[in-house]
2 protein chains.
Amino acid sequence: MATLPVEVKTTLSESSDIVFETGKYEVCTTTVRTSHSSKPPTRLFIVAPLTEGTYDVLLFCHGFMLANTWYTNLLRHIASHGYIVVAPKFYGCIPISIPAEVKKAAQVTKWLSTGLPLVLPDKVNLDISNLALSGHSRGGKTAFALALGELDKKSHKKKKPLVRDNPNLPKFKALIGIDPVGGSAPSCRPPPRILEYIPRCFNMSVPIAVIGTGYGNQSLCICPPFAPDGVNHSEFFNESKPPACYFLTKDYGHCDMLDDGIANCLSFISKSGKGSKDLMRKSVGGIVVAFLRTYLGGDQKDLDAIVNDPSVAPIILDPVIYV
Amino acid sequence: MATLPVEVKTTLSESSDIVFETGKYEVCTTTVRTSHSSKPPTRLFIVAPLTEGTYDVLLFCHGFMLANTWYTNLLRHIASHGYIVVAPKFYGCIPISIPAEVKKAAQVTKWLSTGLPLVLPDKVNLDISNLALSGHSRGGKTAFALALGELDKKSHKKKKPLVRDNPNLPKFKALIGIDPVGGSAPSCRPPPRILEYIPRCFNMSVPIAVIGTGYGNQSLCICPPFAPDGVNHSEFFNESKPPACYFLTKDYGHCDMLDDGIANCLSFISKSGKGSKDLMRKSVGGIVVAFLRTYLGGDQKDLDAIVNDPSVAPIILDPVIYV
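In this report, the structure presented in the accompanying data block is examined. (Residues numbered from 1 in each chain as written. Chains lettered and ligands numbered in written order. Predicted model: local features only at pLDDT ≥ 70, side-chain atom pairs only at ≥ 80, totals over all residues. Heavy atoms only, no water.)

Below, the discussion takes up the sheet that holds strand β6 (residues 172–178) of chain A. Residue and element names in this part refer to chain A. Ordered by their spatial adjacency, nine strands build an open sheet running β1-β2-β4-β3-β5-β6-β7-β8-β9, and the pairing between neighbours is mixed. Bordering the open sheet on either side are β1 (27–32) and β9 (317–322), each of which pairs with just one other strand. The mean angle between the axes of side-by-side strands here comes to 20°, regardless of whether they run parallel or antiparallel. Relative to strand β4 (residues 83–88), strand β3 (residues 53–61) runs parallel, the two being bridged by four bridges. Following the sheet pairing, leucine 59 is matched in β4 by valine 86. Contacts between helix α1 (residues 72–79) and the sheet are confined to β1, β2 (44–49), β3, β4 and β6, with β2 contributing the most and set at about 35° to the helix. (Pairing = 2+ DSSP bridges. Helix = DSSP H or I, 4+ residues; strand = E, 2+ residues; numbered from the N terminus. Axes fitted to C-alpha atoms, helices over the stretch in contact; angles between N-to-C directions. Contact = heavy atoms within 4.5 Å.)

With that out of the way, let us pick up the packing of aromatic side chains. According to the stated counting rule, one finds 14 aromatic pairs over all chains in the structure shown. Aromatic side chains phenylalanine 144 of chain A and phenylalanine 236 of chain A sit 4.9 Å apart centroid to centroid with 65° between the ring planes, which places their arrangement in the edge-to-face category. Of this pair, phenylalanine 144 of chain A sits in helix α3 (residues 138–148) while phenylalanine 236 of chain A sits in helix α4 (residues 233–238), and the two are 92 residues apart along the sequence. The two residues phenylalanine 144 of chain A and phenylalanine 236 of chain A agree in class, both being buried. Both rings, one in phenylalanine 291 of chain B and one in tyrosine 295 of chain B, keep their centres 4.9 Å apart while their planes meet at 55°; by these two values the pair is tilted. On the criterion of helical spacing, the pair formed by phenylalanine 291 of chain B and tyrosine 295 of chain B is a turn pair, its members being four residues apart in helix α6 (residues 277–295). Taking the relative accessible area as the measure of exposure, phenylalanine 291 of chain B reaches 0% and is therefore buried. Among the aromatic residues, ring-to-ring pairing joins Phe144, Phe202 and Phe236 of chain A into one connected group. Seen from the ring of tyrosine 215 of chain B, lysine 271 of chain B lies directly overhead, with NZ or CZ sitting 4.3 Å from the centre. (Phe/Tyr/Trp six-rings, centres within 6.5 Å; stacked < 30°, edge-to-face > 60°. Buried < 20%, exposed > 50% of the residue type's maximum accessible area, 1.4 Å probe, protein only. Lys NZ or Arg CZ within 6 Å of the ring centre and 35° of its normal.)

What follows is the structure in structure tokens.
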């Protein structure tokens, strides 16, 4: 599936830097409430290295009715490789609309430059010029919508640009959708209706990685699939302009990258993989790190290694595509 | 959108060979009934050059509840460039299932070597080693299913291989889907369920062109769209392995490549473009000819010209993608 020439034999970075293993940085987690003096627009869960230094930043949007803290292990994995991860909590028990989520995510993005330095460990700094965006499930759609800079786009017409070309917002250099979901069916997509069912139509130039799950489109008991055909990873990748990568975690389910407790609970309503959830988290986290290293750090070695030989990952990735 | 380097300036073949104009060959149309001595498995509509020579062959599958003869102008355009087009009639007033269509199409494919020579004009011969396959709407799905060689594939499991690896069948060297439709929704796809919602998953190596229509996914009055989002051109292209081309006829509808009379009738139930239907037919026909010239004739000049500069076509093609 790889588009890179097979004779280019590349291997993963070695020793403590292997993307699929915990990285070399010890990390800490912090919850920042809206009452904090930095005035975050919503409650934030932050995972950051403890070692003195300047780090790139990843904004992470949680899935529908999922807490931002339920991704702790995945986000720790990413941060351990030298990234500051900021995961907003969009709502409590009562979900808000996706446009409202996009708006909150934009407010958090704006807050990063001034607010984040106030909540980071001593001598830990952020490089706001190296900012990436990610999200899982409905949060994946929120991330794409934020990158597209649109609040609502009904009937293929742009209505209210929310964040695009806003000079107050830092620019995203990479976008990663983790099993993103655009609605319950092509005919049932809540606003913003970012999917247009035209290949490569997303009107943005940011490099995109889409990580899909093989079981996300399958129903369990009476529950409909969490990532139905036609509105899931496959279509998000199809509508992404190059450079774009695609990875299918073939034998895992839509919620298998969450922390063990919640992933096991959700396995009663969403088909889950039989393999180790820890390996799933390491694989998803490793892909994210390899992608960030490429498009934030300028080092493509690990991404090339995965694309050239997906078996370097601890779980089956099939297909892997890089255009 | 083009993946070819822009500095490669190519132009369409000139004079009487321009793909978007009627070609240099005078053609005739023939209907061959099942009672004919060549024993065709179903009634056939054949369009062939009259000039002495040996020509490549295109098998064309009509759409749901559409007659094979309603594509006469489109098929004449293609044949005028030196191709023999064979369009089976799959049924009369009562449609058959898609697996039954695939089976009939396979029978016609088998018949070509022995039967077609008996019904062609004097001194007109076929080159069965240069065979291509195409289809419109549901017939596009039938064509893909025939090329995939599968009768039914429920739940991602191959059940009954129908034609694949059948040594009695000639091999298709090119596959062209004209606004192909896989069902009424991702959740409502009749067998064979060839769409799997995984990028590049079609298990075949034949070069593929997908021509979509911009209005096919729109409903008109109380009629649902003829080519709904999630099961239309976009997904067929997404699941095609390279080499694959994609062309969106942005301002035209699902039935606008049919002959004028029927296209105008259908415009009451399927959203139609305001532009000239003749230009739509010339554009679709021209793309087909350029694709056949590339993968049957080994001459990529016209396809490159369209990909490098889609404005060479008489209608708007946007996007045009070649991977």
